[in-house]
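# A closer look at the structure
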Amino acid sequence: MSNTILWIILGYLSGCILYSQLASRLFQVPDITKLSPDGNPGVFNAFQNGGFAVGLFTLAGDLLKGALPLFLWRMTTPGWKENTLLPLVMAAPVIGTLWPAFRHFSGGKGITVSFSVLLGLVPDWRPVLLLAACFLFFSLILVVDSHYYRTLVAFTAFPAGACLSDGCDKRDEISHRIPRRRVSLWPATDADRGMPPAFPLRAHKSRAETPRSRNPGGTPVMEALILSCSTGGGHNAAAKAVQDALSRQGHHAILLDPYSLQGQAVADKVGRFYVDFVRTVPRLFGVVYKLGEAYTKLQEHLPHHSPVYLFQRKTARTLKQYLEKSQPDVIVTTHVFAGEMLTMLRNEGMKLPPVIYIATDYTSIPFTQEVQADRYIVGHKDIVQSFVAAGLPEWKILPYGIPVNEAFQSRMSRPDACRWLGLDPAKRHILLSGGSMGFGLDGMIRTLLPVLEEHPDTVLLVLTGSNEELQKSIHEKYPGPQIRALGPTDQMPRYLQACQVLITKPGGLSTTEACVSQIPMVLVHPIPGVETINARFFESHAMARWARDPEQDLADILREVLADPGPMEQAQATLQSNAALRTASLCSSLVRRKG
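Residues numbered from 1 in each chain as written. Predicted model: local features only at pLDDT ≥ 70, side-chain atom pairs only at ≥ 80, totals over all residues. Heavy atoms only, no water.

### A word on the overall build of the protein chain
Helix and strand counts for the protein chain come out as 27 helices and 12 strands. Residue burial in the protein chain is summarised as follows: out of 595 residues, 52% are buried. Across the protein chain, every contact between residues at least 6 apart in sequence was considered, and the portion connecting residues at least 24 apart equals 66%. Per element, the accessible surface of the protein chain, about 28300 Å² overall, is 59% carbon and sulfur. (Helix = DSSP H or I, 4+ residues; strand = E, 2+ residues; numbered from the N terminus. Buried < 20%, exposed > 50% of the residue type's maximum accessible area, 1.4 Å probe, protein only. Contact = heavy atoms within 4.5 Å. Areas by Shrake-Rupley, 256 points an atom, 1.4 Å probe, with all protein chains shown as cover.)

### Concerning the packing of helix H16 (residues 313-326) against helix H17 (residues 336-347)
The angle between the axes and the distance between the axes are what describe a pair of packed helices. Contact pair H16 / H17: the axes reach a minimum separation of 9 Å and the direction vectors enclose 75 degrees. Considering the angle they form, H16 stands roughly perpendicular to H17. Seen from H16, the contacting residues are Arg313, Thr315, Ala316, Leu319, Lys320 and Leu323; seen from H17, they are Met341, Leu342, Met344 and Leu345. Of the residues assigned to the contact of H16 with H17, the class counts are 7 nonpolar, 1 polar and 2 charged. (Axes fitted to C-alpha atoms, helices over the stretch in contact; angles between N-to-C directions. Parallel < 35°, antiparallel > 145°, perpendicular 65-115°, else oblique. Nonpolar A, V, L, I, M, F, W, Y, C, P; charged D, E, K, R; others polar.)

### Some thoughts on a nonpolar patch on the surface
A cluster of nonpolar side chains, Leu64, Leu68, Phe71 and Met75, forms an exposed patch at the surface whose accessible area comes to about 330 Å². By secondary structure assignment, the location of leucine 64 is in helix H5 (residues 52-76). (Patch = residues over 30% accessible without salt bridge, like charges linked within 9 Å, V, L, I, M, F, W, Y side chains within 5 Å. Salt bridge = Lys/Arg side-chain N within 4 Å of Asp/Glu carboxyl O.)

### Overview of the sheet that holds strand E6 (residues 397-398)
Across the sheet, 6 strands lie side by side as E2-E1-E3-E4-E5-E6; this open sheet has parallel pairing. The open sheet terminates on both sides in strands that have one partner only, identified here as strand E2 (252-256) and E6. Note: strand E4 (residues 355-358) against strand E5 (residues 375-377), 3 bridges, orientation parallel. Within the sheet, the bridge partner assigned to tyrosine 357 lies in E5 and is tyrosine 376. (Pairing = 2+ DSSP bridges.)

### What about the nonpolar core?
Grouped together as the largest cluster of nonpolar side chains are 98 residues, with contacts concentrated most on Leu323, Leu431 and Phe538. With residues near it in sequence (within four places) discarded, leucine 431 still touches Leu461, Leu463, Met492, Tyr495, Leu496, Cys499, Val501, Leu502 and Ile503. Counting residues in hydrophobic clusters, the runner-up holds 27 residues, among them Val462, Tyr478, Val501 and Ala555. (Core = buried A, V, L, I, M, F, W, Y, C linked by side-chain atoms within 4.5 Å.)

### Concerning the pattern of salt bridges
The final tally for this structure, using the stated rule, is 12 salt bridges. With a shortest N-O distance of 3.3 Å, lysine 381 and aspartate 382 are connected by a salt bridge. Relative accessible area serves as the criterion here: at 43%, aspartate 382 is assigned to the partly exposed category. Overlapping salt bridges, with partners in common, bring together Glu454, Asp556 and Arg559 in one network.

Here you go:
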């Protein structure tokens, strides 16, 4: 009962969000309610007065705000079809749209959200098709002119039509009696399905059945599973650093994207969606991040699993089968999605080995508190309290730092690094990076042209990441010797050692790598949300300068950093640089303690 009451409240609050007004602010257009004669914040007026982008955003929001609460309530409520409060759960988003508390109880007409509520009943399409038929009947045949009264009449006719549709219950009963053939998720071999290999020592065997080998130092060899997701390069880079550290200690470590267990195409789609979303509409990503923060705070008072947690259900089931076959001794995850999959399996009663969660940003991101791990590794002692505030036990939080590749810690002189990369050691080099996605580089190059003109001995190296079109464009626009565009590279440690300054967006991994390499940093274009917090952290600790408006202040900040890099390099030296090795040692310690 309490769960249903919660979803009725959440459904109403979801309905109160008027996405047309939110879209007006996001896309910087006038409020559509002031442009339309009827002042209605609906989808039609959004398209007509705000344009295609505003209309599309409003349509998507209005469809989600009705369907999502009902769908999530169904997922978390056994026997929901027999629940007497089902009509209230369905009505709540519509009521919120008609009478939103945030707009003095003056809202829209509720047409779109009426359909979206019924979409929450999918895969049963009959209710939404029936409601569409009611609207069409009173729009084209027995015409009711007023949108408001047409909605009321259609909803009055809808239950009558539902009662007249015969045989529905009988068909449902029959379909439940039909025996369904079980299809195994696992083919004859892992290779048939493109699965990563199971661990060589214990595939298909229990720990008791398999003798544990020992490394040259005489300590038992661990089988470690490291989980990451390809939503940006940082998570994978941190995971690879831990994998390398474990391998150097003589252990076996497999790095796995859990979405690839459903096929590499699924993993690529998840990663591509995130990258395209952030690159195309970063402001909207910032809004989503803020909504995640708000949902996290709400969970403190009304404990409930988030939609992000529920989204992992299908992949978690496949991961369970992989874990049953491979039986690792320890699991390390650098991504909250994989952490939530493991938590879901643990909540369902599966016995897991020790789990270590590594945060790859300098704050507790939304939904971190849902990850149940044995230890949490964070980037700095000064951010521990943000994780405690999110609800994690302080004794489990270890400020080891974010793991980076060993190559960033090895010191090479600047002239030697230049020669290694084929650069002229007599020149000064500035490295401009857009992270693994190549953000905002062309505009920053134009901003830096005056600095390059002032210093003809300076070369700007532009890392375009995976953006091949941008790399080609820079080559064509700036053919001179002072600007060089570089694509994806595995020589990032050498570039950081060869250059005098790094200009980069404040991703958690890229900034950590720079600090470990002790190269002065100027931070630009943070993705709204977590990267803004990263930038604030590094600026407050004097490890970087933040150019909040690159067009206005990037060139001046760069001049200042080039003139006096010493204080920044000294501050960077305080950041932990051996996180990967400490994480590998922690894995051994937890396994010994459990064994």
